[in-house]
There are 2 protein chains.
Amino acid sequence: MTHDLARLSLNTATTKHQTLREAVDAAARAGLPAIGAWRDRVQEVGARQAAAIIADAGLRVSSLCRGGFLTASGDDDVTAALDDNRRAVEEAATLGTRELIMVVGGLPAASAPGGPALPGPDGAQDPARDLVEARHRVAERIGDLAPFAAGHGVRLVIEPLHPMFAADRAVVSTLGQALDLAEPFPAEVVGVVVDTYHVWWDPDLHQQIARAGAGRRLASYQVCDWVLPLAADPLLSRGHVGDGYVDFASITGWVREAGYTGDVEVEIFHEDVWAADPDSTIATMVERYTRHVLPYL
Amino acid sequence: MTHDLARLSLNTATTKHQTLREAVDAAARAGLPAIGAWRDRVQEVGARQAAAIIADAGLRVSSLCRGGFLTASGDDDVTAALDDNRRAVEEAATLGTRELIMVVGGLPAASAPGGPALPGPDGAQDPARDLVEARHRVAERIGDLAPFAAGHGVRLVIEPLHPMFAADRAVVSTLGQALDLAEPFPAEVVGVVVDTYHVWWDPDLHQQIARAGAGRRLASYQVCDWVLPLAADPLLSRGHVGDGYVDFASITGWVREAGYTGDVEVEIFHEDVWAADPDSTIATMVERYTRHVLPYL
């Protein structure tokens, strides 16, 4: 069976235990044209060397994962977050991708060692649990970073995470909310990503994907499946396409109708997938993509 | 310390191992005026006897949990679901509550023994994963049940469940979506419930609570907290108010502004809470309600 893999990209998290070079070689062996790179694997060799490894294999970079974690309120923490995100922008530019995926961060209460303290005395609003204010801070930080990103030809790509991560990872939970955050900025400076694991449940998904397309903000399409039962760490509960409950036919069709012509990244975090032989993981990924995503793309 | 408990209701799931009579007695001992009853504990004694037990203790019923599971597509399964929901309506009427909480059910794929099969051949839409169609069926079944409920003076109260239950328990995931389902019907026939565990993360929550209030559809306010890490069964991951990340000050304020004057049910599913002495659980519940909910109500 020949596969049309012209838009399929291996996100390096899917074969987590490979170095960047190993992942690039495995993707190239399988006939994939692109790779979605995580910063840890890029930083092991440095962005310049990473760019060379990828280019030498004839691959392109579909995105860099990830910047973000922008919800801090203290001055030092804000400065540190902005510094780290500027480095991420520079790394993306060096790698030659314009798409920097951003996971925006959770509530301050989730950073407290030993878990959240009880809310304060009667009548007092608790800033550590104030979701509305945490979201305002994300908007402010995106504004701080946008000119720097624009100057580097890099787009800040806001990723809505599944609502079960709203406390500890991302106070942006829906595509509509991500688009609201993006809208004050030019489409080539702030975009959004559709990751099926995070947004498949959203009753407003069709409409918001159409809105993202109309605004030319749809920067990345990442696929993996929602499998049950959830893993003990729900972050590691992402399955191969077809193993779970996501309706890839419908969602991929909506992404196509929205005019998306970019790469499709397969990004799976799962202990079983990580324990498997990487070539076998990529073969499964190719087969599932060809069967359940490509026909609708 | 005196507590103003005039609006506090014990949901019987919180002290799961108690019979209805035990839960009613414990609530009355603690000075609570109301109980939210689960059908299993009601059915153990029969609805008529349950009503007598509750009335004899001087309590009222804030809601009956629960009807629903309306997503089946086969004729026999649809008939069975409607029959069961008509019985639930009758039980609510006998108990003297007008609020019947409805959990609408998940995807057909989640009912397959051994988990979902791979989607069908290339190019075919998979009905077992079709979330849009499952939601249409819920709307149809609500329409089927509405006249029967209206005839019994009972309101079908649609409960949006957290999106992490979208595959296996409820294809209604947001308050806005629940209100869209309710809107074709009179406010006294189809309403909605705000359960903080399920909706706390929603960026649209303030606006949708206001909408529910303006439409006189806010039928119940249930409180418990979002605690991390999630329990192995995330259904049993609900914590005491104050132990997690929910901003009860803000959400309770929104519920007050929406004009809600009904009972506040504490509904906790958690193995540790269930293992505790029920009187001690209720004492904690009273203390947390008084401290973190009542000041904003």
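Residues numbered from 1 in each chain as written. Chains lettered and ligands numbered in written order. Predicted model: local features only at pLDDT ≥ 70, side-chain atom pairs only at ≥ 80, totals over all residues.

Peer 1: Explain the overall build of chain A residue by residue, including any values.
Peer 2: When you go through chain A residue by residue, the secondary structure sums to 11 helices and 10 strands. Against the globule reference of 19 Å for 297 residues, chain A gives a C-alpha radius of gyration of 19 Å, in line with a compact fold. The dimensions of chain A, computed from C-alpha atoms along their principal axes, are 65 × 40 × 40 Å. Considering chain A as a whole, with its 297 residues, one finds that 57% of them fall into the buried category. Summarising the internal contacts of chain A: among those between residues at least 6 apart in sequence, 78% fall at separations of at least 24. (Helix = DSSP H or I, 4+ residues; strand = E, 2+ residues; numbered from the N terminus. Rg over C-alpha atoms; globule rule 2.2 N^0.38 Å. Buried ≥ 20, exposed ≤ 12 C-beta atoms within 10 Å, placed from the backbone. Contact = placed C-beta atoms within 7 Å.)

Peer 1: Give a detailed account of the pairing of strand β4 (residues 99-103) of chain B, specifying residues and quantitative values.
Peer 2: Residue and element names in this part refer to chain B. Of all five residues that make up β4, four are buried, and the element is covered over most of its length. Across four bridges, β4 lies against strand β5 (residues 155-158) in parallel orientation. Counted as the bridge partner of Met102 is Ile158 from β5. (Pairing = 2+ DSSP bridges.)

Peer 1: Go over the sheet that holds strand β6 (residues 190-195) of chain A with me, naming the residues and quoting the values.
Peer 2: Residue and element names in this part refer to chain A. With respect to topology, eight strands assemble into a closed barrel ordered β1-β2-β3-β4-β5-β6-β7-β10, the strand pairing being parallel. Neighbour-to-neighbour, the strand axes of the sheet open up by a mean angle of 30 degrees, direction not taken into account. Sheet contacts for helix α6 (residues 175-182): β5 (155-158) and β6; angle to β6, the most-contacted strand, approximately 170 degrees. (Axes fitted to C-alpha atoms, helices over the stretch in contact; angles between N-to-C directions.)

Peer 1: I'd like a rundown of helix α1 (residues 20-29) of chain B, residues and numbers included.
Peer 2: Residue and element names in this part refer to chain B. Every buried residue of α1 is accounted for by Leu20, Ala23, Val24, Ala26 and Ala27. The arc enclosing the buried residues of α1, seen along the axis, measures out at 165 degrees, which places them on a common side. Backbone geometry just downstream of α1 places Gly31 in the positive-phi region, at approximately 85 degrees. (Arc of directions from axis to C-beta.)

Peer 1: Lay out the packing of helix α1 (residues 20-29) of chain A against helix α3 (residues 47-56) of chain A with the relevant residues and their values.
Peer 2: All names here are of chain A. In contact at an axis separation of 9 Å, α1 and α3 are set at 15 degrees when each is read in the N-to-C sense. Taken as axis vectors, α1 and α3 run roughly parallel relative to one another. Both α1 and α3 take part in a crossing whose hand is right-handed. Each of Leu20, Arg21 and Val24 in α1 lies in contact with α3, whose residues at this interface are Ala50, Ile53 and Ile54. Residue composition of the contact of α1 with α3, by class: five nonpolar, no polar and one charged. (Parallel < 35°, antiparallel > 145°, perpendicular 65-115°, else oblique. Left-handed = near helix turned anticlockwise from the far one by under 90°. Nonpolar A, V, L, I, M, F, W, Y, C, P; charged D, E, K, R; others polar.)

Peer 1: I'd like to hear about the interface of chain A and chain B, residue by residue, with values.
Peer 2: Chain A puts 41 residues into the contact, and the matching count from chain B is 41 residues. Secondary-structure elements contributing two or more residues to the side of chain A that touches chain B are α5 (131-151), α9 (248-257) and α11 (278-292) of chain A. The dominant element in the side of chain A that touches chain B, judged by the number of residues it contributes, is α5(A), at three residues. Split by residue class, the side of chain A that touches chain B holds 23 nonpolar, 10 polar and eight charged.

Peer 1: Lay out the sheet that holds β4(B) in plain terms, naming residues and giving numbers.
Peer 2: Residue and element names in this part refer to chain B. If you trace the eight strands once around the closed barrel, you get β1-β2-β3-β4-β5-β6-β7-β10, paired in parallel fashion. Taking each pair of neighbouring strands and ignoring which way they run, the sheet shows an average axis angle of 30 degrees. With three bridges connecting them, strand β1 (residues 8-11) and strand β10 (residues 264-266) associate as parallel partners. Looking at the pairing, Ser9 lines up with Glu265 of β10.

Peer 1: Kindly report on the nonpolar core, identifying the contributing residues and their values.
Peer 2: Ile158(A), Val192(A), Ile158(B) and Val192(B) are the most contacted members of the largest nonpolar core, which totals 200 residues. The residues contacting Val192(B), other than those within four sequence positions of it, are Val157(B), Ile158(B), Leu175(B), Ala178(B), Leu179(B), Ala182(B), Ala212(B), Arg217(B), Leu218(B) and Ala219(B). (Core = buried A, V, L, I, M, F, W, Y, C linked by C-beta atoms within 7 Å.)

Peer 1: Any details on the relation of the copies chain A and chain B? Residues and values, ideally.
Peer 2: When chain A is brought onto chain B, the operation consists of a screw motion whose angular component is 180 degrees and whose axial shift is 0.0 Å, with 0.0 Å RMSD remaining. Both chain copies can therefore be described as sitting about a two-fold axis. By C-alpha distance to the rotation axis, the residue of chain A lying nearest is Ala232(A), at 2.9 Å. Looking at the interface residues of chain A, 100% of them are also at the interface in chain B, so both copies use one shared face. (Least-squares fit on C-alpha atoms with pLDDT ≥ 70 in both.)

Peer 1: Go over the pairing of strand β4 (residues 99-103) of chain A, please, and point to the residues and values.
Peer 2: Residues and elements named next belong to chain A. One ladder, built from four bridges, connects strand β3 (residues 60-68) with β4; its direction is parallel. Within the sheet, the bridge partner assigned to Gly68 lies in β4 and is Val103. In this fold, β3 hands off to helix α4 (residues 75-95), which returns the chain to β4; that crossover is right-handed. (Right-handed = clockwise from strand over helix to strand, strands pointing away.)

Peer 1: Go over the packing of α3(A) against α4(A), please, and point to the residues and values.
Peer 2: All names here are of chain A. Here α3 crosses α4 at 30 degrees, and the two axes come no closer than 8 Å. By the criterion of interaxial angle, the relationship of α3 to α4 is roughly parallel. For α3 against α4, the interelement crossing comes out right-handed. Touching Ala47, Arg48, Ala50 and Ala51 of α3 are Glu91, Thr94 and Leu95, all from α4. In terms of residue class, the contact of α3 with α4 is built from four nonpolar, one polar and two charged.

Peer 1: Please set out the environment of Leu32(A) residue by residue, giving values where relevant.
Peer 2: Here Leu32(A) is to be found in the loop between α1 and β2 (34-38). Expressed as a C-alpha distance, the spacing of Leu32(A) and Leu5(A), which sit 27 residues apart in the sequence, is 6.0 Å.

Peer 1: For unusual backbone geometry, give the residues involved together with the corresponding values.
Peer 2: All names here are of chain A. Residue Arg66 is reached from Cys65 by a cis peptide bond, and omega for that bond is 0 degrees. You can see Arg66 is positioned in strand β3. For the bond running from Leu228 to Pro229, omega is -5 degrees, close enough to zero to count as cis. Tracing the sequence through the fold places Pro229 in the loop between β8 (225-226) and β9 (238-239). We note that Arg216 has phi near 55 degrees; this positive angle belongs to a residue other than glycine. Within the secondary structure, Arg216 sits in the loop between α8 (205-214) and β7 (218-223). Overall, the presence of 13 C-beta atoms within 10 Å leaves Arg216 in the partly exposed class.

Peer 1: Requested: an account of the environment of Tyr289(A), with residues and values cited.
Peer 2: Residue and element names in this part refer to chain A. Considering the arrangement of structural elements, one finds Tyr289 in helix α11. The exposure class of Tyr289 is buried, given the 25 C-beta atoms found within 10 Å. For the pair formed by Tyr289 and Gly242, sequence separation is 47 residues and the distance between their alpha carbons is 9.0 Å. Filtering out sequence-adjacent residues up to four positions away, Tyr289 remains in contact with Leu8, Val241, Val264, Val266 and Leu294.

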